[in-house]
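For reference, the chains in residue letters:
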Amino acid sequence: MTYPAPPDAPPIAAEDYAQILAFYAAQVRLLDQGRADEFAEQFTEDGVFGQNVKPEPKRGRQEIADSMRRGMAVLAERGLTRRHWFGMVSAGALPDGAVRTEYYAMVYETPRGGTASVYLSTTAEDELVQRDGRWLVRSRHVTHDGT
Amino acid sequence: MTYPAPPDAPPIAAEDYAQILAFYAAQVRLLDQGRADEFAEQFTEDGVFGQNVKPEPKRGRQEIADSMRRGMAVLAERGLTRRHWFGMVSAGALPDGAVRTEYYAMVYETPRGGTASVYLSTTAEDELVQRDGRWLVRSRHVTHDGT
Amino acid sequence: MTYPAPPDAPPIAAEDYAQILAFYAAQVRLLDQGRADEFAEQFTEDGVFGQNVKPEPKRGRQEIADSMRRGMAVLAERGLTRRHWFGMVSAGALPDGAVRTEYYAMVYETPRGGTASVYLSTTAEDELVQRDGRWLVRSRHVTHDGT
């Protein structure tokens, strides 16, 4: 089968594509429920998580989980529920068997007793690998729109 | 194949996952077009539809359709177009062959002659069954964010 | 396999459905990055692109690309980043082997240094064909909500 992929990468199988959609669906739930350790375990041991609005990427599961816990504490104090939507996922094969994805990520938030609104629009790029039948994030880079 | 599922349920086939995405896509269209009877027929005869902001769930197709018609009449009077987006769908197999899904549902609205905005952010859980080659909702529970 | 399709069209294969999701994911990226010629090449040579808010549809790749370039110039001047999300995709087979899709398309925008917001909610209908293993848009009609 063929389907469109990032221009510089051959396409992946449709089944892998469906798996990756489901992987992201499970992952945002961990993120939005504040399950920091489980979220961090969806990265490889030496996974890298960078954002264009931060000077340095987080490196490894410990840093990723710690950073997320700090963020969740702030949200809890402010009574905010955030929802991450990953979508518009393009995927292509890398030479070493990993998969590179490009996708959009929107974040919505709802204050306690209040109404929902858009919080943030971003684009992201991942490298995903399969280990023991599970997908893991080897690297992620998020770019905030408007910056 | 394996892909991430709700933690307490084994994964479903990628083909079933794609079918369920398409099922939801068709369903929100019925919902937003106000096709109450066809929407209700996407539930089992004894389907249950609960929301955390309502004291009692709707039980059976008649109650589901009637409730939807009342809601649509209010929207029509106010000149509002609503769009439901179901996304971030996680799915796992239940012991009896049904599928349990968890997903996010956002609602957007546009007034006649006006501009679009976010109306509501929710999370939802369904139990889906296959009957005669069609997917049906056996139960749905929706939780509004911010409540 | 069977899965829900527009009521007057037989369903398509799950693999085709996954391919079409990926096709749209790649396409919105071309659109939002202002890659007008590549975007236009995702239509057939004689592709038609209509919107209910425009008196005439664009016909052929040249018109589609030119129209997009004019739109992008306006956005650039205003410092806006737009993100198109296509979702809730229903798909069915047409008698001539093409695929008809119905979907929702939301547009978000973020001004330079500002915060993201919803710009527009629309619904759309495409006819898609496969040529040399690639999907192409034969026709697209977009309807803006609230009009």
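What counts, and where the lines are drawn
Residues numbered from 1 in each chain as written. Chains lettered and ligands numbered in written order. Predicted model: local features only at pLDDT ≥ 70, side-chain atom pairs only at ≥ 80, totals over all residues. Heavy atoms only, no water. Helix = DSSP H or I, 4+ residues; strand = E, 2+ residues; numbered from the N terminus. Buried < 20%, exposed > 50% of the residue type's maximum accessible area, 1.4 Å probe, protein only. Contact = heavy atoms within 4.5 Å. Pairing = 2+ DSSP bridges. Salt bridge = Lys/Arg side-chain N within 4 Å of Asp/Glu carboxyl O. Expected span 1.5 Å × (residues − 1). Arc of directions from axis to C-beta.

Residues and elements named next belong to chain C. Structurally, Val142 can be placed in strand β6 (residues 134-144). For Val142, a relative accessible area of 9% corresponds to the buried category. Measuring from C-alpha to C-alpha, the distance between Val142 and Glu125 comes to 6.6 Å, with 17 residues separating the pair along the chain. If we ignore the near neighbours within four places in the chain, the residues touching Val142 are Phe49, Gly50, Gln51, Asn52, Thr122, Thr123 and Ala124.

Okay, the sheet that holds strand β5 (residues 117-131) of chain A next. Residues and elements named next belong to chain A. Taken together, the six strands give an open sheet; going across it, the order is β2-β1-β6-β5-β4-β3, and neighbouring strands pair in mixed fashion. Whereas interior strands pair on both sides, the edge strands pair on one side only; in this sheet they are β2 (58-59) and β3 (80-93). In this structure, β5 lies alongside strand β6 (residues 134-144), joined through ten bridges in antiparallel fashion. Each residue of the ladder has a partner; that of Thr122, found in β6, is His144.

Before going further, it helps to examine the pattern of salt bridges. Applying the stated criterion across every chain yields a total of 33 salt bridges over all chains. Residues Arg35 of chain B and Glu38 of chain B are paired through a salt bridge, measuring 2.9 Å at the closest nitrogen-oxygen approach. Overall, the relative accessible area of 24% leaves Arg35 of chain B in the partly exposed class. A relative accessible area of 36% places Glu38 of chain B in the partly exposed class. Measuring nitrogen to oxygen at the nearest pair gives 3.1 Å for the salt bridge that ties Arg69 of chain B to Asp66 of chain B. Taken together, the residues Arg69 of chain B and Asp66 of chain B, both in helix α3 (residues 60-78) and three residues apart, mark about one turn of the helix. What you see here is one network of salt bridges that share partners, running through Arg29 of chain A together with Arg100 and Glu102 of chain B.

Residue and element names in this part refer to chain A. Helix length check: helix α3 (residues 60-78) (19 residues) gives 28 Å between terminal C-alpha atoms against 27 Å at 1.5 Å per residue, within 8%. Where α3 is concerned, the buried positions are Gly60, Ile64, Ala65, Met68 and Leu75. One face of α3 carries all of its buried residues, which in axial projection span an arc of 150 degrees. Exposed residues pointing more than 90 degrees away from the buried face of α3 are listed as Gln62, Arg70 and Glu77. At the C-terminal side of α3, Gly79 shows a positive phi close to 70 degrees.

Looking now at the pairing of strand β4 (residues 99-111) of chain A. Residues and elements named next belong to chain A. The element β4 is extensively covered by neighbouring structure, given that twelve of its 13 residues are classed as buried. Taken together, the twelve bridges between β3 and β4 define a ladder with antiparallel strand orientation. The residue of β4 that forms the bridge with His84 is Val107. Linking β3 back to β4 in an antiparallel pair, the connection comprises five residues, with Gly97 at a positive phi of about 95 degrees. Sheet analysis places β4 next to β5, joined by eleven bridges and oriented antiparallel. Bridging from a neighbouring strand, Met106 pairs with Ser121 of β5. Following β4, the chain reverses through five residues before pairing antiparallel with β5; Gly113 in that reversal takes a positive phi of roughly 75 degrees.

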